[in-house]
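A structural walkthrough
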Amino acid sequence: MKVSFKQAFLLHKRALKLLSGRVRQLFPSYTIYCLVSALVPYAGIWFSARIIDELAGQRREEVLWKLVLIAIVATAVLTLATDALHHWKMARRATMFQYLRKIYADKIMSMDYCVLDNPKTHEQYASIRENDWFAGWGLTRVIFFYEDGLGALFRILGAIMLTVSLFTIPVPEAAGKFAILGSPVFVPIVIALLFGVTLLEPLCNNKADQYWTKNEEAGRLSDRLVHAFGFLPLRAPKNADFRIYNQQNICKHYNDMNRNYMPGGTMANYAKGPMGLLRALAAAIAVLFIGLVYVFVCLKASTGAFGVGSVTQYIGAITALSQGLSQLLSACSEMRVNGMHLRTVFEFLDKPNQMLQGEREVPDKKKGYQIEFRDVSFRYPGAETDALSHVSLTFSAGEKLALVGRNGSGKTTFIKLLCRLYDPTEGAIYLNGVDIKEYDYTSYLAIFSVVFQDFQLFGFPLGQNIAAGYEYDKEMAEACIEQAGFTERLKTLPKGLKTHLYTILDKEGVELSGGEAQKVAIARALYKDSSVMVLDEPTAALDPLAESDIYTRFNQMVSGKSAIYISHRLSSCRFCDRIAVFSAGEMVQYGTHDQLVNEDGHYGELWKAQAQYYVSN
Ligand code: ADP
């Protein structure tokens, strides 16, 4: 859907405000640069005209010297000032590019997780990024419009000032039939021509630009293909799957498919055909107009109304006026196109934050927490079935709960609801009898330490990874490492806790195996020292001995705290106070191991299926 000129203007105004709030001196640098750089050509035009007039007239030596000297000094000062201002402006612009990324990063970090996880949000952000990358549409363009628009305005003002006398200077009586050139009727004629050209030229250029828009969908697919497949080998140089499955052949196939911007491709054909013709027409109209201006100015000069120097001044000024008007008009019409992109940008940046509504203080952890799921159902946005259906359970401070079930049965979803990454679609979750939505979100999150299945560690030093912060308590970090069973490996690290994980920031950084990384993630969860520890299949990458070791240590660690474990290995669940068994989003059993193993049900089946491999003679 198109946006009106007014909407586009307001969107740009808002974007300018956003940028100027983030990037210091962005606007002063652009504004002063536009003003001074608009003056440069006019200084040249004005002084040249005076010098030529003097040369063609009285040829007074001292006047010529003076004019030349002033012209050189003025041009030199203005050029130097423009260069210095250009430098200032470019430095601010470079900063702006950094801040642009930060605007999106800040939004993504503060966005409700459920909104971020929604495929529609991904699609929207991908389209913002692709349009920016593709042609700078969106926030990046705003500053270019400001520069173009303001530059054009200053240029128009300067040109008008230098052109007014062309119409006001009277034609001498002796001009005969050319006396008509002094008639005021030429003012509206030249102005009409000027506006005609000004409108027609950008109109042709805009029509030509529409071929880019026409190709936008295909262009985005091309960009995605290039991004997804063109750089794949560079992004994952050590990817073993690449070698085994000869992935490069598939990548090549998809890249070869992408003929959109190649010679003989869609855009090349547009350029050879209608798009090229429209651009040529735009250029021809502009040249024709200048030709007419030459005829008018030269004829009026031939009547003796003004000297030959003024001819250069008027022609230069009217040409600049026409260019300034075209530039202003192009900027205005492009602004409407960019308005559509900005609307998407602001839809993304304005996504409301539902999670932050609660203000109630979370109870003191010394009191202990009781958590209750009351008839909770949940469906992921866009999904056709519930991932969790009518789940009710209560668990109290200090208890250990195991979640068991086949893949896709809803265990991780249960954890995500508990940690309020999502809110239930039906039912509610209570902490000490109060709906968790009523609590202050940040302090509610502080209750939990979670080791997700797809946890992430970062390329900072080990100690900072564990503390999830720049400063950390060395002894505490080491104690957590000990509890997570990573101490032996720590001893082999060249700089101990200061060793970087991975080699992104330090070439002496270390690579960790899946199991080692998992231990570090567990140590990080321990360091947070929250009231409720959640381990989502944390031991999947650990060997059986390491797993048994971790569970024993963990039990000691979390003694007195609440803990929730998700594990496929039922032997690890035996020590839990309660076991909740999930199947297809429903909680089908709930009880202790001894109860459930003897019941006729899912748990018994899973237990027997696993136990048969361990029954020995
Ligand atoms: P488990 O942890 O038991 O393996 P999950 O809770 O991850 O199961 O998934 C439960 C169901 O929800 C599955 O059918 C899964 O495909 C679906 N699901 C999980 N995450 C999402 C998501 N972000 N969007 C849509 N569906 C999802």
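Residues numbered from 1 in each chain as written. Predicted model: local features only at pLDDT ≥ 70, side-chain atom pairs only at ≥ 80, totals over all residues. Heavy atoms only, no water.

**A closer look at a nonpolar patch on the surface**
Where nonpolar side chains cluster on the molecular surface, the patch consists of Val185, Ile189, Leu193 and Leu292 and spans about 320 Å² of accessible area. By secondary structure assignment, the location of Leu193 is in helix α7 (residues 186-214). (Patch = residues over 30% accessible without salt bridge, like charges linked within 9 Å, V, L, I, M, F, W, Y side chains within 5 Å. Areas by Shrake-Rupley, 256 points an atom, 1.4 Å probe, with all protein chains shown as cover. Salt bridge = Lys/Arg side-chain N within 4 Å of Asp/Glu carboxyl O. Helix = DSSP H or I, 4+ residues; strand = E, 2+ residues; numbered from the N terminus.)

**Some details on the environment of Phe47**
As for its position among the elements, Phe47 is in helix α2 (residues 26-56). Given the relative accessible area of 13%, Phe47 is considered buried. Separated by 28 residues in sequence, Phe47 and Thr75 place their C-alpha atoms 9.5 Å apart. Not counting residues within four places of it along the chain, the set of residues in contact with Phe47 comprises Leu67, Ile70, Ala71 and Ala74. (Buried < 20%, exposed > 50% of the residue type's maximum accessible area, 1.4 Å probe, protein only. Contact = heavy atoms within 4.5 Å.)

**Quick notes on the packing of α2 against helix α3 (residues 61-110)**
Put simply, α2 and α3 touch, their axes get as near as 8 Å, and they point 160° apart. Accordingly, the angle class assigned to the pair α2 and α3 is roughly antiparallel. Crossing handedness for the pair α2 and α3: left-handed. Looking at the contact of α2 with α3 residue by residue, the classes come out as 24 nonpolar, five polar and five charged. (Axes fitted to C-alpha atoms, helices over the stretch in contact; angles between N-to-C directions. Parallel < 35°, antiparallel > 145°, perpendicular 65-115°, else oblique. Left-handed = near helix turned anticlockwise from the far one by under 90°. Nonpolar A, V, L, I, M, F, W, Y, C, P; charged D, E, K, R; others polar.)

**Comments concerning the sheet that holds strand β6 (residues 448-451)**
Through backbone hydrogen bonds, the strands of a sheet pair up, either in parallel or in antiparallel fashion. Taken together, six strands build an open sheet; the order of strands is β6-β7-β8-β3-β9-β10 and the sheet is mixed. Looking at the sheet topology across the chains shown, the edges are occupied by β6 and β10 (586-591). Recorded for the sheet is a direction-independent mean angle of 15° between the axes of neighbouring strands. Note: strand β9 (residues 578-583) against β10, five bridges, orientation antiparallel. Residue pairing in the sheet places Phe582 in a bridge with Met587 of β10. Against the sheet, helix α15 (residues 411-418) contacts β3 (400-405), β6, β7 (532-536), β8 (562-566) and β9, and its axis sits at roughly 140° relative to β3. Helix-sheet contacts for helix α21 (residues 544-557) involve β3, β7 and β8, and the interaxial angle to β8 is about 160°. (Pairing = 2+ DSSP bridges.)

**Describing the packing of aromatic side chains**
This model, assessed by the stated rule, comprises 17 aromatic pairs. For the ring pair Phe378 and Tyr380, a centre distance of 4.9 Å and an interplane angle of 80° mean the geometry is edge-to-face. An aromatic cluster of at least three residues, connected via ring pairs, comprises Tyr113, Phe378, Tyr380 and Tyr422. One Lys or Arg, Arg141, reaches over the ring of Trp137 and ends 4.1 Å from the middle of that ring. When the ring centre of Tyr430 is taken as origin, the NZ or CZ atom of Arg374, which lies over that ring, is 3.9 Å away. (Phe/Tyr/Trp six-rings, centres within 6.5 Å; stacked < 30°, edge-to-face > 60°. Lys NZ or Arg CZ within 6 Å of the ring centre and 35° of its normal.)

**Section: the site of the ligand**
Close to the ligand lie Asp117, Tyr380, Ala387, Arg406, Asn407, Gly408, Ser409, Gly410, Lys411, Thr412 and Thr413, which account for all nearby residues. Contact between the ligand and Thr413: an oxygen atom at 2.5 Å from a side-chain N or O atom of the residue. When grouped by side-chain class, the residues that make up the shell around the ligand number two nonpolar, six polar and three charged. (Near = heavy atom within 4 Å. Polar contact = N/O pair within 3.5 Å; in protein donor to acceptor, adjacent residues only side chain to side chain.)

**Some remarks on unusual backbone geometry**
Despite not being glycine, His390 shows a phi value in the positive range, around 50°. By relative accessible area, which is 46% here, His390 ends up partly exposed. Unusually for a residue other than glycine, Ala584 sits at a positive phi of about 45°. Of note, Ala584 is situated in the loop between β9 and β10. Classification of Ala584 as exposed rests on a relative accessible area of 65%.

**Here's the deal with the domain arrangement of the chain**
Domain parsing of the chain yields domain 1 (5-169 + 306-349), domain 2 (360-447 + 532-617) and domain 3 (456-529). Computed over C-alpha atoms, the centres of domain 1 and domain 2 are 59 Å apart. Listed by partner, the interface residues are four residues for domain 1 and four residues for domain 2. A combined buried area of about 440 Å² lies between domain 1 and domain 2, and 59% of that area is made up of carbon and sulfur atoms. Contact with domain 2 buries area across many residues of domain 1, yet Tyr113, Cys114 and Asp117 alone supply 79% of it, more than any other trio. Between domain 1 and domain 2 we count zero salt bridges in total. Counted by class, the side of domain 1 that touches domain 2 contains two nonpolar, one polar and one charged residues. (Domains from an automatic or database assignment. Buried area = accessible area lost by both parts, 1.4 Å probe.)

**Some thoughts on the pattern of salt bridges**
Applying the stated criterion across every chain yields a total of 18 salt bridges. Asp423 serves as the salt-bridge partner of Arg420, at 2.8 Å between the closest nitrogen and oxygen. When its relative accessible area of 2% is taken as the criterion, Arg420 is described as buried. Residue Glu508 is joined to Lys495 by a salt bridge in which the shortest nitrogen-to-oxygen separation is 4.0 Å. With Glu508 in the loop between α19 (487-492) and α20 (514-528) and Lys495 in the loop between α19 and α20, this pair connects stretches of sequence that are 13 residues apart. Each of Arg22, Lys102 and Asp106 takes part in one network of salt bridges that share partners.

**Description of the environment of Leu278**
For Leu278, the location among the structural elements is in helix α13 (residues 274-302). Linking Leu278 and His568, residues 290 residues apart in sequence, is a C-alpha distance of 66 Å. Every residue in contact with Leu278, bar those within four places of it in the chain, is listed here: Cys204, Lys207, Ala208 and Tyr211.

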